[in-house]
Amino acid sequence: MDLRRLKIPKTIAIFSHIKRPLTCVIYTSSSDHITPPLQQQTPSTNKPKKVLFDLNLHKWVTSVLTNPPLDSLKIQDLLTHLTPQQFDVIFLEIHSYLKPLNVLKFFHIGSGECGFKFNVRSYCTLLRLLVASNHDVPARLLLIRLIDGKLPALFDKPEKKHVEVAVLLAELSCVSDFGVAVRTFDLLVHLCCTQFKNVGFDVALDVFRSLASRGLYPSLKTCSFLLSSLVKENELQKSYEVFGVLNNGVKPDVYLFSTAINAFCKGGRVDEAKVLFRKMVKMGVVPNVVTYNNLIHGLCKNCNLEDAFLLKEEMILNGVNPSIVTYSMLINCLMKLEKFDEADCVLKEMSNKGIVPNEVIYNTIINGHCSVGNIQKALKVRDDMLTKGILPNSVTCNSLIKGFCKVNQASQAEELLEEMLLHGLNVNPGSFSNVILVLCTNSRFVSALRFVKEMILRCLRPNYGLLTTLISGLCKEGKHSEAVELWHMLLMKGIMANTVTSNALIHGLCAAGNVQEAVQLLKEMINSGVQVDSMTYNTLICAFCKEGNLDGAFMLREEMVKQGIAPDISTYNVLLHRLGEKGKIDEAQLLWDECRSKGIVCDIYTYGALINGLCKADKLEKGKDIFHEMLRQGLAPNLIVYNTLIGAFCRNGNVKEALKLRDDMRSRGILPNVVTYSSLIHGMSNIGLVEDAENLIDGMRKEGVLPDVVCYTALIGGCCKLGQMDKSRSILQEMSSHSIQPNKITYTVIIDGYCQAGKVKEAKEYFAEMVQKGIAPDSVTYNVLTKGFLKKGEIEEAFSLLDCISHTGVGLDEVTYTSLVNLLPQRSTQWRVMETAHVCTLETGSSLWVQISSLYFELVANAGEDRGSRQLVDGSMSAYFVQAVPISG
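Predicted model, so just to flag it, every value in this text is computed and none were measured.

About the criteria used
Residue numbering note: each chain is counted from 1, following its sequence as written. Local features in this predicted model are restricted to residues of pLDDT 70 or higher, and side-chain atom pairs are both shown and tallied only at a pLDDT of 80 or more, whereas totals for entire chains, interfaces and linings draw on every residue. As a rule here, side-chain values cover all heavy atoms of the structure and leave hydrogens and water aside. Secondary structure elements are taken from DSSP: a helix is a run of H or I of four residues or more, a strand is a run of E of two residues or more, and numbering for both begins at the N terminus. A 1.4 Å probe and the Shrake-Rupley method give the accessible areas. Residues count as covered only by the protein chains that appear here. Side-chain atoms within 4.5 Å are what join buried Ala, Val, Leu, Ile, Met, Phe, Trp, Tyr and Cys residues into a set we call a nonpolar core. Think of it in three bands: residues with accessible area under 20% of the maximum for their type are buried, residues over 50% are exposed, and the middle band is partly exposed, with areas taken using a 1.4 Å probe on protein chains only. Here a residue-residue contact requires only that any non-hydrogen atoms of the pair lie within 4.5 Å. Here, a salt bridge means any Lys or Arg side-chain nitrogen found within 4 Å of an Asp or Glu carboxyl oxygen. Lines are fitted to the C-alpha atoms to define the axes, a helix being fitted only along its stretch in contact, and any angle between axes, read from their N-to-C directions, falls within 0 to 180 degrees. Each angle receives one of four descriptions, namely roughly parallel if under 35 degrees, roughly antiparallel if over 145, roughly perpendicular if within 65 to 115, and oblique otherwise. Crossing handedness follows the turn of the near helix against the far one: under a right angle anticlockwise gives a left-handed crossing, and clockwise gives a right-handed one. Nonpolar residues are Ala, Val, Leu, Ile, Met, Phe, Trp, Tyr, Cys and Pro. Charged residues are Asp, Glu, Lys and Arg, and all others, Gly as well, are polar. What a helix should span is 1.5 Å times the count of its residues minus one. Pairs of N or O atoms within 3.5 Å make up the polar contacts considered here, provided that, within protein, one atom can donate a hydrogen while the other can accept it, and that residues adjacent in sequence are counted only when both atoms are side-chain atoms. Here is the rule: rings of Phe, Tyr and Trp (six-membered ring for Trp) pair when centre to centre is within 6.5 Å. Planes less than 30 degrees apart are stacked, more than 60 are edge-to-face, and the remainder are tilted. Think of it as a cone above the ring: NZ of Lys or CZ of Arg counts as a charge over the ring if it is within 6 Å of the ring centre and within 35 degrees of the ring normal. The pLDDT value tells you how sure the predictor is about a given residue, anywhere from 0 up to 100.

1. Notes on the overall build of the protein chain
- Counting its secondary structure elements, the protein chain contains 47 helices and 2 strands.
- Carbon and sulfur atoms form 53% of the exposed surface of the protein chain, whose accessible area is close to 42900 Å².

2. Some details on the nonpolar core
- Counting residues in hydrophobic clusters, the biggest one holds 266 residues, and the most contacted among them are Phe-106 and Ile-751.
- For this core, the element with the highest residue contribution is helix H8 (residues 178-194), accounting for 9 residues.
- Excluding anything up to four places from it in sequence, Ile-751 contacts Ala-763, Tyr-766, Phe-767, Met-770, Thr-781, Val-784 and Leu-785.

3. Concerning the pattern of salt bridges
- Tallied over the full model, the rule gives 33 salt bridges.
- Of the charged contacts, one joins Asp-307 and Lys-274 as a salt bridge, the two residues approaching to 3.3 Å between their closest N and O atoms. Placement of the pair is Asp-307 in helix H15 (residues 305-317) and Lys-274 in helix H13 (residues 270-282), with a sequence separation of 33 residues.
- For Lys-274, a relative accessible area of 30% puts it in the partly exposed group.
- Among the salt bridges present, the one from Glu-581 reaches Lys-616, with a minimum N-O distance of 3.9 Å. Residue Glu-581 is found in helix H30 (residues 569-581), and its partner Lys-616 is found in helix H32 (residues 604-616); the two are separated by 35 residues along the sequence.
- On the basis of relative accessible area, Lys-616 is assigned to the partly exposed category, the value being 47%.
- Residues joined in a network through salt bridges with shared partners are Lys-160, Asp-206, Arg-209 and Glu-241.

4. Structural notes on the packing of helix H41 (residues 760-772) against helix H42 (residues 779-791)
- Two elements in contact, H41 and H42, have axes separated by 10 Å at closest approach and are oriented at 155°. On the basis of their axis angle, the class for H41 and H42 is roughly antiparallel. Viewed along their axes, H41 and H42 form a crossing whose handedness is left-handed. Each of Val-760, Ala-763, Lys-764, Phe-767 and Met-770 in H41 lies in contact with H42, whose residues at this interface are Thr-781, Tyr-782, Leu-785, Gly-788 and Phe-789.
- Its residues placed into classes, the contact of H41 with H42 shows 7 nonpolar, 2 polar and 1 charged.

5. What about helix H40 (residues 744-756)?
- Between its terminal C-alpha atoms H40 stretches 18 Å, which fits the 18 Å expected from 13 residues at 1.5 Å a residue.
- Among the structural elements, helix H38 (709-721), helix H39 (725-737), H41 and H42 are those in contact with the buried residues of H40.
- Two or three places before Ile-745, at the start of H40, stands the capping residue Asn-743, its side-chain oxygen 3.1 Å from that residue's backbone nitrogen.
- Immediately beyond the C-terminal end of H40, within one or two residues, lies Gly-758, with a positive phi of roughly 80°.

6. Some details on unusual backbone geometry
- In the Ramachandran plot, Cys-303 falls in the positive-phi region, its phi being about 60° despite a non-glycine side chain.
- In this structure, Cys-303 sits in the loop between helix H14 (289-301) and H15.
- Residue Cys-303 is classed as partly exposed on the basis of its relative accessible area of 43%.
- Notably, Ser-443 is not glycine yet its phi reads approximately 60°, a positive angle.
- Looking at the secondary structure, you find Ser-443 in the loop between helix H22 (429-441) and helix H23 (445-457).

7. Quick word on H22
- Given a rise of 1.5 Å per residue, 13 residues ought to cover 18 Å, and the 18 Å separating the end C-alpha atoms of H22 matches this to within 8%.
- Residues Ser-431, Phe-432, Ser-433, Val-435, Ile-436, Val-438, Leu-439 and Cys-440 constitute the buried set of H22.
- Tucked inside the fold, the buried residues of H22 contact helix H20 (394-406), helix H21 (410-422), H23 and helix H24 (464-476).
- With its phi angle positive at about 60°, Ser-443 sits one or two positions after the end of H22.

8. Thoughts on the packing of helix H29 (residues 550-562) against H30
- The contact between H29 and H30 brings their axes to 11 Å, and the two run at 165°. Taken together, H29 and H30 sit at an angle that is classed as roughly antiparallel. Crossing geometry of H29 relative to H30 is assigned as left-handed. For the pair formed by H29 and H30, the contact residues are Leu-550, Ala-553, Phe-554, Arg-557 and Met-560 on the first element and Thr-571, Tyr-572, Leu-575, Arg-578 and Leu-579 on the second.

9. So, the packing of aromatic side chains
- Within the structure shown, the criterion is met by 19 aromatic pairs.
- Ring centres 5.5 Å apart and planes at 20° place the aromatic pair Tyr-754 and Tyr-766 in the stacked group. Placement of the pair is Tyr-754 in helix H40 and Tyr-766 in helix H41, with a sequence separation of 12 residues.
- Judged by relative accessible area, which is 1%, Tyr-754 ranks as buried.
- Ring pairs connect the aromatic residues Phe-87, Phe-91, Phe-106, Phe-107, Phe-116, Phe-118 and Tyr-123, which therefore count as one cluster.
- The ring of Phe-451 carries the charged tip of Arg-450 above its face, separated from the ring centre by 4.8 Å.

10. Observations concerning the environment of Asp-148
- Within the secondary structure, Asp-148 sits in helix H6 (residues 136-148).
- Residue classification places Asp-148 among the partly exposed residues on the basis of a relative accessible area of 37%.
- The spatial distance from the C-alpha of Asp-148 to the C-alpha of Phe-196 is 9.1 Å, given a sequence separation of 48 residues.

11. Side note on the confidence of the model for the protein chain
- Per-residue confidence for the protein chain averages 82 on the pLDDT scale, and 84% of its residues sit at or above 70.
- In the predicted structure, residues 825-853 sits below a pLDDT of 50 and forms 51 contacts with residues beyond four places in sequence or in another chain.

12. As for the environment of Leu-696
- Relative to the assigned elements, Leu-696 resides in helix H37 (residues 690-702).
- Once the C-alpha coordinates of Leu-696 and Ser-678 are considered, the two residues, 18 residues apart in sequence, prove to be 9.3 Å apart.
- Not counting chain neighbours up to four residues away, the residues in contact with Leu-696 comprise Arg-662, Tyr-677, Leu-680, Ile-681 and Met-684.

13. Quick look at the environment of Pro-707
- Position of Pro-707 among the secondary structure elements: in the loop between H37 and H38.
- Since its relative accessible area comes to 5%, Pro-707 is described here as buried.
- The residues contacting Pro-707, other than those within four sequence positions of it, are Ile-697, Met-700, Arg-701, Tyr-712 and Ile-740.

Take a look at the structure:
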């Protein structure tokens with residue numbers, strides 16, 4: 001509010017016999033200085049109005065302020081006859097011989113009990129009075145309340161109270177001791193830097209600008225305080241401005257120069273700091289150790305070691321001894337640059353000068369060695385530290401932990417961390433994380449879990465990447481309950497595992513077959529507000545598909561949509577693949593159409609899943625059409641797609657088409673692998689092209705693809721079909737020469753080949769070799785050998801083999817039973833056969849017939865409740881017995 005617009009009340013005559021008015025001047029906040037008293041003249045609209053009042057009013061104010069004790073009733077009576085302007089004029093005139101604390105009390109009663117609003121200049125006058133009398137505490141409190149707006153003062157611009165106070169104090173500096181003015185400026189600036197720090201340094205800067213624009217400055221000490229406060233709070237641009245103003249208005253001392261140099265260095269303006277340093281020396285201001293250290297710090301920060309060491313030598317020449325801080329900065333820079341030998345030299349120089357390194361320097365050196373994994377050197381420095389009587393602290397231990405982890409010494413890192421916890425040392429989150437990570441790397445997940453729990457108990461938040469690694473590791477080791485417990489612990493502590501970590505746990509549970517537990521975790525994620533995404537659902541859908549629960553998988557997809565998560569291409573790929581594997585090709589094609597209708601761009605895996613399903617459903621032409629559509633969409637087929645089609649064509653005997661696909665994949669830069677060749681070899685062998693298949697094996701080796709047992713087994717099978725048993729034997733020997741061991745299928749194929757050729761003896765030899773090598777025959781192996789025995793009429797051998805089967809625990813399949821039955825002569829009357837078998841058993845004790853009887857009843861048991869199967873068994877066994885048992889009259 002502009003005081004010039006106030007109506008000036010008429011002079012109030014307190015005592016009627018006194019008529020002579022007193023002339024004075026009103027202060028206006030727009031003025032830059034105090035206007036001198038004016039002579040009484042006719043009022044003019046272009047000039048401020050005069051304040052006229054009775055001389056007795058002047059005496060009354062003086063009397064109240066100079067004659068304690070102060071009475072609130074008297075003060076109230078006085079103030080009712082005064083305007084703020086009138087009081088301001090009288091107070092300014094008489095303040096110098098008043099007692100400050102009396103006046104302070106008067107203001108307190110007047111503003112508080114009487115509700116009188118004093119002028120801001122009146123408060124500033126009181127402030128100067130308090131400062132002049134060394135009443136600094138009440139002066140400070142008064143100033144805080146004034147700027148805070150806690151006092152009922154008449155401000156011209158309430159939003160800029162601090163500026164108005166600064167301007168008034170600047171103007172009042174002309175009417176009294178200038179030393180008091182400077183002390184008042186100091187108080188104001190210091191208060192703005194501390195009391196009003198929470199609103200930023202704009203308040204302090206506004207005050208400084210207002211004073212400096214009038215050629216007024218706080219003391220150099222306060223200027224240094226303002227500058228250092230700005231630098232400390234990283235208000236570097238403001239600090240540059242303040243120093244620029246000071247440099248033009250006053251002669252900076254060493255402290256101001258040192259602070260400014262520090263500001264320039266902190267802001268990365270080292271070249272300007274160097275210029276300022278030289279200017280300082282030229283002006284005759286002698287740098288002290290702080291000045292040198294500030295500039296050396298800036299040079300080290302810029303890795304300008306050469307200039308830093310030159311400056312260190314210069315300070316020694318100028319009689320300024322480097323301090324421990326000087327050496328600490330140089331050593332720190334050397335360690336960061338991995339100049340370890342030079343750092344040792346500086347350390348020795350310190351010792352020669354009698355400066356004992358402190359824990360900061362030792363920790364700097366230890367940390368430098370640990371950062372590059374030189375843990376042995378770091379430990380040696382730690383030992384040297386101990387010999388000097390300096391105990392390692394938290395910083396030392398945290399650095400050593402980092403070093404141990406760097407070189408993968410998990411046990412030492414774990415032991416040191418345990419020791420820190422035991423002794424109550426402060427462990428930083430980085431040390432916990434480093435130890436947990438190195439333990440996880442070494443698959444020591446239980447130990448890692450213990451430290452993660454310790455972090456959580458200390459209200460430290462493990463990073464999500466670390467939690468994901470730990471939970472994944474626990475799941476891989478089968479410790480799913482511990483992983484789930486950790487997830488819930490995080491939830492209880494309000495940390496909550498994020499989506500990626502939660503997905504890792506769901507994946508681990510699904511991989512272990514704990515699908516229902518994973519579903520329960522999904523529900524808890526949703527209820528707890530943990531974000532779920534398509535990956536969460538896709539993992540579960542994939543698990544349901546692997547279990548064969550397609551209905552559950554599709555229900556999950558519906559739930560996914562309800563949660564506002566659109567199924568993505570991965571969702572469709574998983575479902576398409578499982579539908580194809582299950583032979584539900586019609587449903588797969590419907591899902592395929594749905595995927596494309598939603599505008600989802602199909603990828604190579606989508607096409608591959610559908611092609612695989614079509615091939616399994618023996619719809620090769622449709623699969624080939626999809627393949628060509630994929631090419632038209634600009635998708636390059638991969639090895640899996642080619643192998644799927646090649647395998648399907650080979651199974652159908654269309655080797656020619658398979659070879660075309662092989663050539664096509666080569667033209668696209670995709671090299672056939674062992675799966676490609678095994679399919680081709682199998683296809684050629686099945687249609688009798690054994691020589692071509694054999695040539696393929698030679699071609700594989702030339703291309704650097706090593707044939708495996710599958711390739712050789714397919715080739716042996718082809719030879720066996722052609723009855724080329726000698727060639728089969730030579731191929732088997734070739735396998736051994738290439739260190740490829742035949743497996744169960746290889747032996748079964750060659751045993752079957754010999755049995756088909758009627759060479760049961762050789763078949764038995766391979767069977768014995770197979771067992772000797774520790775390869776357990778299965779029901780198929782026993783089946784083909786049994787058929788071979790029966791075909792040759794070696795019934796005893798067949799049933800002897802059955803005895804072996806009963807001891808191995810391998811269950812016979814229906815094929816084996818049917819083979820035994822169908823290869824014996826037929827006859828119609830079953831019961832007569834059974835009766836004859838029973839008689840023979842009683843009379844001769846023949847174990848053969850006991851086995852036949854047992855075989856019959858076992859076959860009936862295996863047939864179960866299936867009536868058709870039972871009839872087949874009964875009929876077959878009847879024929880078996882009729883042919884086997886001669887019926888007497």
